[in-house]
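Chain by chain, the residues:
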Amino acid sequence: LACVSDGKGQRVHEFFSEVPCWTGTYIIHAVFAIFVSIVFISISLVVSLTYFECRSDGHSPEARVNARANFLYILYEMVLVISFTFMHGDQYVYIQLIMMLAGSLLIFAKFHFNSPYYDERMSKLWSILVSVNLWSVIMLCFAKIMENTLFEGSLIAWMIGVPFIVLIVLTNRDRRIDLLLINVNKFQNGEEIQNQIRYILKLLDWQATNRNAAILLDGYIEIHKQTCNKDDCPLKQKTNKAAAAGAGQRTPGRAGEEALSEKYELLVQLLCKMFFYGIKKFPNNTSLRISYAFFLLDKMKHRQQALQELNQAEANKPPFDEQFIIYRYKKIIEDQIAESQNEGGGLDIVSEIAFQNHMRQCQANIEKSALLHMEFWSQLSEDNPDLAKLNEIGSKINNSVQQVEEHWSKLQKISANMPKAIRLYGRFLIEILNDKESGEMLLDRARNLINSNANKKNLNVMNMTNSEEYVNDPTPTVFITTEQDKFANITGINLAAASLFGYNKTELINRKVNTLMPQLFAKRHDTFINNYLTTSEARALNKDRYVFGKNKSNYSFPVYLHVKPLNNVMGGLQFVANFKTDKSFKQLSHLLLNEDGSIDAITASCISILRIDLKSISQKRQTINDLVPNFMRDLDLYKAKNGAAVTYTYPEDFDTGTKNTETQVSLTCSVQDVQVLNADRVLETAGYIVKFERINDRPSMTLAPDKRPRANNFQWKFERGRVLIGEYTDVPTSEIVSQHIEHSDAGEEILQSHILEEEGVQSHTGNDKSVLKSSFVAGKEKQVKDSAKEGSSDEKIDYGVGIRTLRLINGRPMDIEPEQDEENEEGDDNSAGRTVFRQMQQEEANDGAEDFSMREFSTAFKSRRVLNAIINDKTVPPAIRNLKITANILIAVLFIIAGVDYFMTISEFNDILDNANLVTLSNNIIAELMNVQGGIRDLTLMNIGVYNTSYPSEADIRSSIALSLNEVQNTQRTLQLSSMDIFDEHSRLLNTKSVPIYILQGGTITSQEFTLYEATQQIISKAFNVRNANLSNITWTNSDVHFVEYNLFNDFYTALRKSSDYYVLELVNRSTQKKNVFLILLIVSAVALVLTVIVLFPVLHSVNKTKEEVLSLFLDIPEKTVKGLYTRCENFISTLQVGEDEDMMSDVDDESFEKGGHGADADEDSASEYQPRKKRKKFKNSGKSQRRFYLNFFAVIVFVEGYFIINYNSSQGLLSNVKQLVTELNTTSMAEGFSAFVNNVERQLIIDPKFPVLGTTSLSVATANIQNIYTLDSTIHQEHSINVQIHSDLYKNTFNQIMMLNPCYVFLANISNDQCIAFADSAVYQGMAVGLTRHFENLRYLLTQYTTYSADARANFTGPRDNFRTITTDNQRNNILNILRLPQAFEISSMQALYIKLAFRALLNDFRRGLNDDFNAKLTLRLALYIVLNIALILLYFVAWLPIVSRLNKNIWRTKSMLTMIPLNVVAKIRSVRVYLRKFISEKNITNY
């Protein structure tokens, strides 16, 4: 990418000067280099930002807080490299110095003032490095400023300063000591907290070996004691008595490299508090949370809490580098937690919370999955199931099952020994996923764990806080601590207790226990505990007490409380409170009163009994006297054993939500005193407990089992169009109208469903409880016959609609004539004479020919795990494999077509440019040979005395001849080396001896044929001979002179002109042919894309058919089985929502499920019984998921074809322009040579009128040439005006400057500007259009002079006498030769040799440059489009197509895995599924399953 100017206005590569920048193939290399550079820089920066050790306990000297400083350092280096690569020259020096200075200051601040490294040596090393770098940049700036002064000591100053810089960094006072002086209450941001904590941790690590570190820590502790104003500051706390009693048994120390003293343990606790309050103050500071997580992980060994902090940090949307850290260490911590749990470690409170969170999510996902299964079976049971909906539901089921498995995996990582979770997942496997084998294993495991935990219940209660049994124990349990910092706080609570009080567990942990009791008791509860700690008098411990609790809604409720103390060695004295709710339900309510009669609390039943609530009491500040007048006065009356009756008046403003007009109620009121010990340890009344009970509800309403006998009779009610409703009734059996059809246990349920659900008619009534099955079937047959007879009437009423003929076979009702749809009657109706036994024989024959038996299937797939392994095999399906192969081939074809199009375009464009170049070269040969001919003629005239030897000088003429001959040789060589295809006629002209060359030998002219190349070499050779000959030998009779003159005027000139015309015709033809080539490429691309659509769509259709084939297998599942599976899911959800915790073993469910012959445990005999198949249901497929794919695919096709259309239009436009420019190119390139030819013919006419030219007289040719040269000039101007819109600006400016304005700048290399202005009376200075016109008139004037003198031998010379010279004695001949000495003749020679030659060559150069620029612009555009197409195809392939194929593949796998929803024995009975599995096994070459 390093490009510099070559001094000619063009930028070339710095190291390869012959390669121009940003043209041709350089663009490809440059784009690739930029792409690779961006990728390399991005990877380097990302790796530097993420790949590092960020834990201080990693024992790595390169461990650091973050890598942002290193990221900036690498970015600084890359910016400098890029700037020095592209910024050349002194004008960029100051910019580079500013960039270096700014970058150096930035990285110096990052590494020196905020060093990210934990290791002290690494911090010092980087500080030295960035300091020296900054010093070097400063000295560079100083040197640049002092560059033009006498001071030259910058290098010496730098060398002297480096040691001092290093010494200053090494001996610099540790600024971090100032961090210890910052008050913990005055931190301004999270970084200050991290810096102080990080330095204190370093001092903790150094304190054992560094006395200064120990002193600093002691000082910090003293300062902190004075400045910390928080009550829970660890340095100010003192242990309570209970904790002090157990302090002697405590073993100080912490797992680590060495034990810390008590003082430093408190310091670590202080750091924990600092983190806690820092996060509380700066909750969105993710780096602070990450540091806290590492502190918990390394110092506190609290993995689960560290994981929780990382989760919180992740929720705050951290930067990319912190996201990487969080992701990495979350995985590490989760693996460590799983490993510790597998080793038998218990759960801490944080792990317990995480477990419960995952448990709730797992249960929610299980419920969601069960609901989706219900929806699936419901959709399948419809008359016309929608396969698209089934597939959509199956996708949701697959996702939900994956979520369940993810949460199950996380639960297993946290704890693999939780019976409740194991039991729930096992039931899910059995009831929903129909995996009885795996589910039973989990249920057995849960039973064993429950038994094991039950055996451990007699262990010390202290261990309950860490056991799973405590968490899942149904008895509500709360643990209360007596530690000073958490006095009377709840340290543990199980789910039963939290649910009892209406809280989540997390809401109660570390809260005061008096939160759970009314204010009447809550305000005195701490005193109760202190009294016990002081006196150890257990008045209320170790016995059941009837107390009142308070739920989250602030309503009180009665509960039995049992409190017992326990001594914990680590935590001192604790209390364990167990609660039991009152099992009797009475219409009563309680109020808690303060001593003055104000209401402190009420129970929720007061709303229904007294019609008061907390809101009304608090707003009105009601007392008991407001509710019951004179209550406090009659208090003693209510304190009686049975209380007293009161008439209670309901409040008028209480809205009950009903139209109840009752205003009063009779209640029984009883009161109980609340007595507490005062300071003198004397009981005194603190309040009252008031109980109100309805008088008519005094008998106990304790729930008891209903022992009433159930009705023996069950009555069916039928309403047409509705479902059947059954209910128990007490009426006599004889009065019941029922459908009693007694049949075998195995067929009873199916027969009822067939009759009741499909027929929808009532059976005969009677008193008997049994009707023979044969009688029932006979009755049905009779009805069919009767209906057939009636159908012969005119009305043709079909009374048999909906009636089916059944026969009981092997205890099961079977169809004799299956019901069929009207559309399929013609092809599917069985003949009336076919019997059931013939059906049996036919189906058995089909089964034997097409499928392996059910017994063989059951033997092969004894375990559902084997079936799952085969169905869930991740091998790529054949349809997807064919799709991949087809798509890869088509993509390759597109790449090939695009590549052929691009490279063929380059080749064709280059051919056109080369052909245009050949046109100019061939005309250049003619012009140079005409110049050689004119030079030889001038030498001859100089020899006979027509010209002087001074002007033009003989040496100049000879030099001009040599230059022209060399140019002809080089051009001839270029033409010979050209490999371009040419016309056959042109090839014969160039390569066969068809050009006659005339030779003068002994006064006789003979001819010999040569190829055009050979003839040209002959001319060059003879011209060199003349050029080297003495002037005296250069005469008209010289054979070499004659050879050159004669052949350049005749057939050789004609051959040269014909060759040039061929090049022109070839250019026109090539432009036309290339249009056809580009059109063919466009057609080929369109055909390829059409073939892509034709080939790809059937393959995609086969993919969809694969999914449809699998989904259609579900249609073969019997209706009863589908309904049974639906019922299973429904029962599971009901049990899950109710919250029953029993083992829901599938024994009972499977038993009822198997009675219909569809259970998961049906035996092989029943599986092999005959079971006629109903016709498969018709289905529909409303899926529209592929529509979007097809639209996107069509858009890609349009995009690719658009590329080829754009290329075609661009090429067509360019080729049309070329074809239009050919005439102007040809006329402009031949103008110089034809002008020279006209001059040479006219002069040859003057010298020798009889000399043949072009096979005729020179006079006729000269006369025609005058008109031809005028025509040529007008053609040039006319074509230019036509092509002015397509010419480049360069050529238009050059043409206007030369032809219309002042062309003298073109000739400055040969003559001065003054000479150009003065030449031809300033005709050239006014523009070559004027100069050429004067030139043509001069030619005409010479021809007129010749005709005048040749017609009159006695005519006198009319030209200037100064120019007249006597050359011969013949006056007429002398006059004619002196025409060549006229001023006009000299002007013509100068005009031809200098002005015309330079002007037209300048035009041709810019013409070709403009054409090349246009072609290069088109090629650059074509290259850009080609690159865009390739990048787009690559991106579409990797970013769009491969994910689509992967998604299709996953969809097929997911659809195929839906077969695992079918119970194993049902799979064994469905023939189509067995056939599919056999086919699948054979495709996968599975031999051992």
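Residues numbered from 1 in each chain as written. Predicted model: local features only at pLDDT ≥ 70, side-chain atom pairs only at ≥ 80, totals over all residues. Heavy atoms only, no water.

Describing the overall build of the protein chain
For step 1, the next point in the chain: When its secondary structure is counted, the protein chain shows 48 helices and 18 strands.
For step 2, the next point in the chain: By the burial criterion, 45% of the 1489 residues in the protein chain qualify as buried.
For step 3, the next point in the chain: Considering only contacts within the protein chain whose residues lie at least 6 apart along the sequence, 68% involve residues at least 24 apart.
For step 4, the next point in the chain: Carbon and sulfur atoms provide 53% of the accessible area of the protein chain, an area that totals close to 76,400 Å². (Helix = DSSP H or I, 4+ residues; strand = E, 2+ residues; numbered from the N terminus. Buried < 20%, exposed > 50% of the residue type's maximum accessible area, 1.4 Å probe, protein only. Contact = heavy atoms within 4.5 Å. Areas by Shrake-Rupley, 256 points an atom, 1.4 Å probe, with all protein chains shown as cover.)

A look at unusual backbone geometry
For step 1, the next point in the chain: Although it is not a glycine, N434 sits at a positive phi angle of roughly 60°.
For step 2, the next point in the chain: Within the element layout of this structure, N434 appears in the loop between helix 15 (419-431) and helix 16 (436-455).
For step 3, the next point in the chain: In this model, N510 sits at a positive phi of 70°, which is unusual for a non-glycine residue.

Points about the packing of helix 42 (residues 1289-1300) against helix 44 (residues 1328-1351)
For step 1, the next point in the chain: Closest axis-to-axis distance for the helix 42/helix 44 pair is 5 Å, and the angle between their directions is 45°. Taken as axis vectors, helix 42 and helix 44 run oblique relative to one another. Residues I1298, M1299 and M1300 of helix 42 form the contact with helix 44, whose participating residues are M1328, A1329 and L1332.
For step 2, the next point in the chain: For the contact of helix 42 with helix 44, the residue count by class is 6 nonpolar, no polar and no charged. (Axes fitted to C-alpha atoms, helices over the stretch in contact; angles between N-to-C directions. Parallel < 35°, antiparallel > 145°, perpendicular 65-115°, else oblique. Nonpolar A, V, L, I, M, F, W, Y, C, P; charged D, E, K, R; others polar.)

A word on the confidence of the model for the protein chain
For step 1, the next point in the chain: Across the protein chain, pLDDT averages 76, with 77% of residues at or above 70.
For step 2, the next point in the chain: pLDDT under 50 marks residues 458-468. Its contacts with residues more than four places away, or in other chains, come to 18 contacts.
For step 3, the next point in the chain: Segment residues 697-795 is flagged for pLDDT under 50; beyond a separation of four residues in sequence, or across chains, it makes 116 contacts in the model. (pLDDT = per-residue confidence, 0-100.)

Observations concerning the pairing of strand 9 (residues 599-602)
If a strand is regular, its side chains alternate between the two faces of the sheet.
For step 1, the next point in the chain: With 3 bridges connecting them, strand 8 (residues 588-594) and strand 9 associate as antiparallel partners. Across the sheet, the residue bridging to L591 is I602, located in strand 9.
For step 2, the next point in the chain: Linking strand 8 to strand 9, which pair antiparallel, is a turn of 4 residues; within it G597 sits at a positive phi near 95°. (Pairing = 2+ DSSP bridges.)

Some thoughts on the environment of I961
For step 1, the next point in the chain: Along the chain, the position of I961 falls in helix 32 (residues 954-977).
For step 2, the next point in the chain: Each C-alpha atom of the pair I961 and G934 lies 8.9 Å from the other, and the pair is 27 residues apart in sequence.

Re the pairing of strand 12 (residues 683-694)
For step 1, the next point in the chain: One ladder, built from 7 bridges, connects strand 8 with strand 12; its direction is antiparallel. Note on strand 12: the bridge partner recorded for S589 is F692.
For step 2, the next point in the chain: A loop of 5 residues connects strand 11 (residues 664-677) with strand 12, the two strands running antiparallel in sequence, and R681 in this loop sits at a positive phi of about 60°.

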